[in-house]
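What follows is the residue order along each chain.
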Amino acid sequence: MSTRKTHHAGKRRFLATLAATGAAATLPMGARAQSADAVWDLIVVGGGNSGLPAAIFAAARGARVLIIEAAGQIGGTLFLSSGQMSAGGTKLQKSKGIEDSGQLHYDDIMRISKGTANKDLVRLAVFNAADTFDWLTDNGFQAKPEHPVTGTTHEPYSRARYAWGAKGGISILEVLEKQIQPHIDAGRIKVLTATEATDLIQDAGGAVTGVVAKGEDGVSTRHMGRNVLLSCGGYASNSKMFEELEGVPDYSDVSYPYSQGAGITLGTKAGGYVRGGEHHLPLFGAIPRDEDFPAPTAAMARHFPGDRPPWEIFVNVDGKRFLAEDILSHDAYEHGLRDQPHERAWAIFDEEILSKAPPLVSRWTPQEVRDAVGTYNFFYRADTIAELARAAGVDEKNLVATVEAYNRAQAGKAKDSFGRTHMPLPIAKPPFYAIRTQSWQLSTYAGLAVDKDLRVIRQDGAPIQNLYACGELLGTSVFMGASYCGGMLVTPALTFGRLLGQKMLKFDV
């Protein structure tokens, strides 16, 4: 399976910057896979924000746990994540007089997702989220002083339950590292870093009995376990798998380099299946560095009206608008973009708007936008709208008509066709500008199917004995459906890991 162009270089860079917390067992070079001596109560594949709490809580029950981590250090996507969490009924909320509950949280998820999220798994997540959040705060996690809030980067909640720490995902990781270290020191948890899980071991009946893993030296070792938990994240850095599962190209290169879909590969080979890719939804506003997709991001457009009311218009490749740019809904922007060819849109404006409007490109001055024309592929300037359309690659006739119609509405001579009301200036004074924006992804929508007990299941619903999964490997769509709901990746990952280690997994200890 091919992976994105940056994976191997990114992997080397990542390993170079992270100190290993363990070492893979060594065998002579070229030896066949051999069995390690121990039979573990739990083998965790992926030491991130779901695998770590699973290991911590399992070890607290007396279980012997092995963590197999492909990167050079535990933590996973927490190194890149903003660490946004959401939970209803937390101690933090109560301390600020906020009344909330798991049921209200559930109701919000179903409202925002329009009923498309997985009801059973959302219930399991949100009705246990407060205990997870409280466990973090009891052990040193500190939310930002103004938190919780109703929402900023996604659709707002009905209650202020959205919170994260000053260091983003690192604020969470610091708590997890502090909690896991005593178990490592006591020998209850062993961590193999820079080690890739390459296969699952199954008996004649299909039950999973262990994991084959390969270290940096290329030697494979068989690790036997009574339970195996796949918690190795999504596939956002595997562009081939992304397109196969979500049906569109992966345009952005902003993800964790180890998000290669290893859990998908392992789980499906063992008999599981994947669901949820049909709910794919892009994020809005990336300005790529180049067209060698998936591409790094050069800048971001501040498109959300709650942050910056719009002065420009957005059009598709046909030169037509597709939404009211002042609508106070991330969801409307994201769904609008999803339905456009190639998931891209062009911001159209003129020199007067560039000079007078709050910056459209985050942290860029108007002069930097002017200078970007001719430097970056996605910035265009022309003396007429028709010339601008040709330069930017959008339909000339339609763009001219679109701008004329917008200007009439802005002058009060007609009603805006989308109902937009915030129109400070017409697009009328040359030179004219276009900035091409592109969809981007941080998480992945398809995931390995599990039942309400987090057991990996076959197409007929039968569980694969001893095999569990949690975290982003389950797919964003499980927790959010065809939408984005704030904090509904990190918190369910932590929660499901905690629940598995605390009570759902069975140990003979």
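Because the structure is predicted, anything quoted here is derived from the model rather than measured.

Conventions used here
- Each chain has its residues counted from 1, following the order in which its sequence is written.
- Totals for whole chains, interfaces and linings use every residue, but because this is a predicted model, local features are given only for residues with pLDDT of at least 70 and side-chain atom pairs only at 80 or more, for both listing and counting.
- Hydrogens and waters are ignored; side-chain quantities use all the structure's heavy atoms.
- In this text, helices come from DSSP runs of H or I with a minimum length of four residues, and strands from runs of E with a minimum of two, each type numbered from the N-terminal end.
- The globule rule is 2.2 Å times the number of residues to the power 0.38, and the radius of gyration it is compared with is taken over C-alpha atoms.
- It only takes one pair of heavy atoms within 4.5 Å for two residues to be counted as in contact.
- The Shrake-Rupley method, run with a 1.4 Å probe, gives the accessible areas here. Residue values count only the displayed protein chains as cover.
- Strands pair, by our definition, only if DSSP identifies at least two bridges between them.
- Only C-alpha atoms enter the line fits that serve as axes; for helices the fit covers just the stretch in contact. Angles between N-to-C directions range over 0 to 180 degrees.
- Two aromatic rings, drawn from Phe, Tyr or Trp (for Trp, its six-membered ring), form a pair once their centres lie within 6.5 Å of each other, and the interplanar angle then sorts them: stacked below 30 degrees, edge-to-face above 60, tilted otherwise.
- Categorising residues by exposure relies on relative accessible area from a 1.4 Å probe, with only protein chains included: less than 20% of the type maximum marks a residue as buried, more than 50% marks it as exposed, and the intermediate range marks it as partly exposed.
- Criterion for a charge above a ring: Arg CZ or Lys NZ at most 6 Å from the ring centre, at most 35 degrees from the ring normal.
- Any two cysteine sulfur atoms lying within 2.5 Å of each other are counted as a disulfide.
- Summary of the metric used: pLDDT quantifies the predictor's per-residue confidence within the range 0 to 100.

Next up on the list: the overall build of the chain. The secondary structure content of the chain amounts to 16 helices and 20 strands. Whereas a compact globule of 509 residues would reach a radius of gyration of roughly 23 Å, the chain reaches 25 Å, a difference of no more than 12%. Viewed in the frame of its principal axes, the chain has a C-alpha envelope of about 80 × 55 × 40 Å. Of all intrachain contacts in the chain linking residues separated by at least 6 positions in sequence, the fraction that spans at least 24 positions is 73%. Of the roughly 19900 Å² that the chain leaves accessible, carbon and sulfur atoms contribute 50%.

Attention now moves to unusual backbone geometry. Each neighbour pair has its own omega, and for H147 with P148 the value is 5°, a cis peptide bond. One can find P148 in the loop between helix 6 (129–138) and strand 5 (162–163). Of note, the bond from P430 into P431 is cis; its omega dihedral lies within 30 degrees of zero at 5°. Looking at the secondary structure, you find P431 in the loop between helix 14 (396–410) and strand 17 (432–440). In this structure, K114 is a non-glycine residue whose phi angle is positive, near 55°. Inspection of the secondary structure assignment puts K114 in the loop between helix 4 (102–112) and helix 5 (119–126).

Take the sheet that holds strand 3 (residues 65–68) next. Spatial ordering of the open sheet is given by 6-3-2-10-20-19, a layout of six strands whose pairing is mixed. The outermost strands of the open sheet, each flanked by one partner alone, are strand 6 (189–192) and strand 19 (455–457). Neighbour-to-neighbour, the strand axes of this sheet turn through a mean angle of 30°, independent of strand direction. In this structure, strand 2 (residues 42–45) lies alongside strand 3, joined through four bridges in parallel fashion. Across the sheet, V45 pairs through a bridge with I68, a residue of strand 3.

According to the stated counting rule, one finds 16 aromatic pairs in the structure shown. Ring geometry for W364 versus Y376: centroids 5.9 Å apart, planes at 45°, classification tilted. Of this pair, W364 sits in the loop between helix 11 (351–356) and helix 12 (366–372) while Y376 sits in the loop between helix 12 and strand 16 (379–382); the two residues are twelve residues apart in sequence, bridging distant segments of the chain. Residue W364 is classed as buried on the basis of its relative accessible area of 16%. Among the aromatic residues, ring-to-ring pairing joins Y157, Y162 and W164 into one connected group. One Lys or Arg, R64, reaches over the ring of W40 and ends 4.5 Å from the middle of that ring. The lysine or arginine in question, R123, covers the ring of Y106, its NZ or CZ lying 4.1 Å from the ring centre.

Think of an α-helix as turning once every 3.6 residues; residues three or four places apart then point the same way. Across the ten residues of helix 6, seven count as buried, placing the element largely inside the fold. Residues of helix 6 that are buried: A129, A130, T132, F133, D134, W135 and L136. G140 sits one or two residues past helix 6 and shows a positive phi near 115°.

Turning our attention to the state of the cysteines. Disulfide: a covalent bond connecting the sulfur atoms of a pair of cysteines. Per the counting criterion, the structure on display carries zero disulfides. The cysteine C232 is free of any disulfide, with C470 supplying the nearest cysteine sulfur at 9.7 Å. Take C485: it sits in no disulfide, and the sulfur closest to it among the cysteines is that of C470, at 19 Å. You can call C485 buried: its relative accessible area is 1%.

Let us now look at the confidence of the model for the chain. Averaged over the chain, the pLDDT score is 92; the fraction of residues at 70 or greater is 93%. A low-confidence stretch, residues 1–32 stays under pLDDT 50, and its non-local contacts, those more than four residues away or across chains, total 72 contacts.

Let us now look at helix 4. Among all positions of helix 4, only G102, H105, Y106, D108, I109, M110 and I112 are buried. Of the residues flanking the end of helix 4, it is K114, one or two places downstream, whose phi is positive at about 55°.

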